[in-house]
Amino acid sequence: MLPTKALASLFEAKIHVLPFNYTEAIVVECNGHFGIVDSGEDNSYPDGSDPRYPLREGTIIGCGVEDEVIPYLWKIGVKPGNLDFYIGTHPHSDHIGSASQIIQMFKPSRIYTPRYDDSYITDENRLWDNQYVYDRLIEAAQQAEVEYGAQLIQDFTYFNRSFMLGGALIQLYNTGTDYQTTGVFDANCFSLGVKVTVGAHSAFLAGDINNFTGVEDELASQVGSVDFLKMGHHGCPGSNTAAYLEALSPLYVFQTGKYSVLPAQTAQSLANLGSRYASADDVRADGLDAYVVTLMATGVTTNFDYSKPRVYYSGEAGAYRCYQGGLPNASFTGWIRGDVGWLWFDRSSEPVRSSWVSDGSAWYYVGADGLMCSGWKRIGSSWYYFDASGAMATGWRQVDGSWSFFASSGQMQTGWVVDGGHWYWIDLSGQMQVGWQRVGGSWYYLGSGGAMATDWLHLGGSWYWLESSGAMATGWQRVAGEWYWLGSDGAMVTGWEKIDGLWYHFSGSGQMDAGWLELGGSWYYLGPDGAMVVGAAWVDGVEYQFGPTGALLAA
């Protein structure tokens, strides 16, 4: 019997949807009573040793969530004695994999699940470990019947497909049995749906219901309008058809899957209806243990923050979209972080693409997919670098251990660059160079900080003269009124040096000597041009004789 309107106003039902992708665990709570609709994947699977349960391709391995589900059940107060029912919507491991553990631990009074045998499935590629998880559930249920008098219910008559949970009415849908004789290609086709009603407000938990055999078309008129819809089959194609959604017209919808698999038409249908969307990823990102919907006679609330702007990627549309308030926001401006990066919106629900963006503090570039770029990016004919925050680099930046220089407009510079009164050489890869560099036929020296050297340079025990242009000098060079000879390698010469057939002498500091020079006890005479004199020569009105080595012989 339904509670009276006055009595119903005293009750509220909470629906806890745990935030898993592609596995479902849902708890219904009302007036101190609890019920479970599926409990998610577990870590058990057939290893093939039992011929009844071969290890088939596609069987899920190592994705169990029982270590999250069980603590959550204890946390919200589920315990033996207050768990009225366990409903296994259909024999897929992502829904009832952990059923046997939950039944044994929390001892539900009633266990509901449709009958199953592998022979019901016409597509052998969709058998997976169905029989294994179903048989484990049935075995646990039969043990519960013996141990504490639980009921296993698999024939859904008029009298057992509607029942109360505290003050909430629970109704089972899609309870037909034709599939047991006609066969279906997938167990999803006979997934149960569960409706929860308190007063005038209700929720529909759609399991993996789809419309491949017209189930949603049938349910559209049977279920009627609801306030909350846990979307069918994790939001995958084939479920949540437009006419079905329109008939249910939910105020809130929740997807136990990624938005990327949601068909664009489904997303648009929900937007047109004003249905406020949330996903398992959103709940986890917000640090919540579960998405909780509260049904009251006076209205419906959730624990989810719909005010926060969120961004989703549609695999079908190949594009991102901004939501706020659970709906596409056609006027949002600003950055939003998606699954794989940041996107910029400019008064639109769709992000800016292939464009420069400024948020007032820095410049950024968003690619063709709308994602903010980071690292190196070629735009037009120029290279740019964007740091970890996405901000465009200007000036000097160290990247991967090398220094690069970027103009105020962001373009990476190559060739000669002047900064702070110093010149730097940057190669074609954008890396600042140090040490000796040959540029345009001349040698230049760049210090450890990259700045081009000029004037005298002492390096490796030798002195070099670098012109004001930075080019290394060779040959004769007049510096501060003195002559120097720089070898072909640029090193300043000291001592004797034969140049163009003539001998010259350069002091220890490199200046060319001229006039009389005493070395090793011998005298030499160097002309005004520095060339050493040999043979007879007049010096200051006196004739001298110089040997073939230039040493003075006699006056």
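- The name an unreviewed UniProt entry gives the chain is MBL fold metallo-hydrolase, with Paratractidigestivibacter faecalis as the organism.

So, unusual backbone geometry
In terms of backbone geometry, most residues other than glycine have negative phi values and most peptide bonds are trans.
And step 1. At Lys107, a position not held by glycine, the phi torsion is positive, near 50°.
And step 2. Along the chain, Lys107 falls in the loop between helix H4 (99–106) and strand S5 (110–112).
And step 3. The residue Arg347 is not glycine, and still its phi comes out positive at about 55°.
And step 4. Relative to the helices and strands, Arg347 resides in the loop between strand S20 (342–346) and strand S21 (355–358).

Remarks on the side chain of Gln131
And step 1. Note on placement: Gln131 falls in helix H5 (residues 130–148).
And step 2. At 2.8 Å, the side chain of Gln131 forms a polar contact with the backbone nitrogen of Asp118.
And step 3. The residues touching Gln131, leaving out its near neighbours within four places in the chain, are Tyr53, Tyr116, Asp117 and Asp118.

Overview of the confidence of the model for the chain
And step 1. Averaged over all residues, the pLDDT of the chain is 96; the fraction at 70 or higher stands at 98%.
And step 2. For residues 1–6, every residue scores under 50 in pLDDT, and the model assigns this stretch five contacts once sequence neighbours within four places are set aside.

Brief notes about the packing of aromatic side chains
Geometry of an aromatic ring pair is reported as the spacing of the ring centres plus the angle between the planes.
And step 1. Throughout the structure, instances matching the rule amount to 53 aromatic pairs.
And step 2. Between Phe332 and Phe345, the ring centres sit 6.2 Å apart and the planes meet at 75°, which makes this aromatic pair edge-to-face. Remark: Phe345 occurs in strand S20 and Phe332 occurs in the loop between strand S18 (327–328) and strand S19 (333–337); sequence separation between them is 13 residues. There is no split in this pair, since Phe332 and Phe345 are both buried.
And step 3. An aromatic cluster is present here, built from Phe228, Tyr252, Phe254, Tyr291, Phe304 and Tyr306 joined pairwise through their rings.
And step 4. One residue, Arg110, lies across the ring of Phe163, its end atom 4.9 Å from the ring centre.

Let's talk about the pairing of strand S35 (residues 495–499)
And step 1. For S35 and strand S36 (residues 502–506), the ladder comprises five bridges, and the chain directions are antiparallel. Along S36, the bridge assignment pairs Gly495 with Phe506.
And step 2. Here S35 hands over to S36 after two residues, with Asp500 in that stretch at a positive phi of 50°.

Observations regarding the sheet that holds strand S39 (residues 535–539)
And step 1. Judged by pairing direction, the sheet is antiparallel, and its three strands sit side by side in the order S39-S40-S41 without closing on themselves. Edge strands, defined here as strands with exactly one partner in the open sheet, are S39 and strand S41 (552–554). Between one strand and the next, the sheet's axes are offset by a mean angle of 45°, whatever the strand orientation.
And step 2. Pairing of strand S40 (residues 542–546) with S41, which is carried by two bridges, proceeds in the antiparallel orientation. Following the sheet pairing, Gln545 is matched in S41 by Ala554.

Things to note about the UniProt feature "domain: Metallo-beta-lactamase" (unreviewed entry) in the chain
And step 1. Taking the numbering used here, the UniProt-annotated feature "domain: Metallo-beta-lactamase" (unreviewed entry) corresponds to residues 36–128.
And step 2. Taken end to end, residues 36–128 is 24% helix and 13% strand, and its first and last C-alpha atoms sit 24 Å apart.

Here's the deal with the UniProt feature "repeat: Cell wall-binding" (unreviewed entry) in the chain
And step 1. As annotated by UniProt and renumbered to match this structure, "repeat: Cell wall-binding" (unreviewed entry) occupies residues 373–392, 393–412, 413–432, 433–452, 473–492, 493–512 and 513–532.
And step 2. Taken end to end, residues 513–532 is 0% helix and 50% strand, and its two terminal C-alpha atoms sit 10 Å from one another.

A short note on H5
And step 1. The terminal C-alpha atoms of H5 lie 27 Å apart, and with 19 residues this matches the ideal 27 Å at 1.5 Å per residue to within 8%.
And step 2. Those residues of H5 lying buried are Asn130, Gln131, Tyr132, Val133, Tyr134, Arg136, Leu137, Ile138, Ala140, Ala141 and Ala144.
And step 3. Among the structural elements, strand S4 (83–87), helix H3 (93–96), H4, S5 and strand S6 (151–153) are those in contact with the buried residues of H5.
And step 4. Where H5 terminates, the next one or two residues include Gly149, which has phi positive at roughly 80°.

Quick word on the packing of helix H2 (residues 66–75) against H4
And step 1. Between H2 and H4, whose axes approach to 11 Å, the crossing angle comes to 25°. One finds that H2 runs roughly parallel with respect to H4. For the element pair H2 and H4, the recorded crossing hand is right-handed. Residues Glu66, Val69, Ile70, Leu73 and Trp74 of H2 pack against Gln101, Ile102, Met105 and Phe106 of H4.
And step 2. Of the residues contributing to the contact of H2 with H4, the split by class is seven nonpolar, one polar and one charged.

Digging into the state of the cysteines
And step 1. Enumeration over the complete set of coordinates arrives at zero disulfides.
And step 2. Residue Cys189 stays outside any disulfide, its sulfur separated by 14 Å from that of Cys236, the closest cysteine.
And step 3. With a relative accessible area of 5%, Cys189 lands in the buried category.

Definitions and limits used
- Residues numbered from 1 in each chain as written.
- Predicted model: local features only at pLDDT ≥ 70, side-chain atom pairs only at ≥ 80, totals over all residues.
- Heavy atoms only, no water.
- Helix = DSSP H or I, 4+ residues; strand = E, 2+ residues; numbered from the N terminus.
- Polar contact = N/O pair within 3.5 Å; in protein donor to acceptor, adjacent residues only side chain to side chain.
- Contact = heavy atoms within 4.5 Å.
- pLDDT = per-residue confidence, 0-100.
- Phe/Tyr/Trp six-rings, centres within 6.5 Å; stacked < 30°, edge-to-face > 60°.
- Buried < 20%, exposed > 50% of the residue type's maximum accessible area, 1.4 Å probe, protein only.
- Lys NZ or Arg CZ within 6 Å of the ring centre and 35° of its normal.
- Pairing = 2+ DSSP bridges.
- Axes fitted to C-alpha atoms, helices over the stretch in contact; angles between N-to-C directions.
- UniProt positions renumbered as here; feature names shortened; annotations may be inferred.
- Expected span 1.5 Å × (residues − 1).
- Parallel < 35°, antiparallel > 145°, perpendicular 65-115°, else oblique.
- Left-handed = near helix turned anticlockwise from the far one by under 90°.
- Nonpolar A, V, L, I, M, F, W, Y, C, P; charged D, E, K, R; others polar.
- Disulfide = S-S within 2.5 Å.

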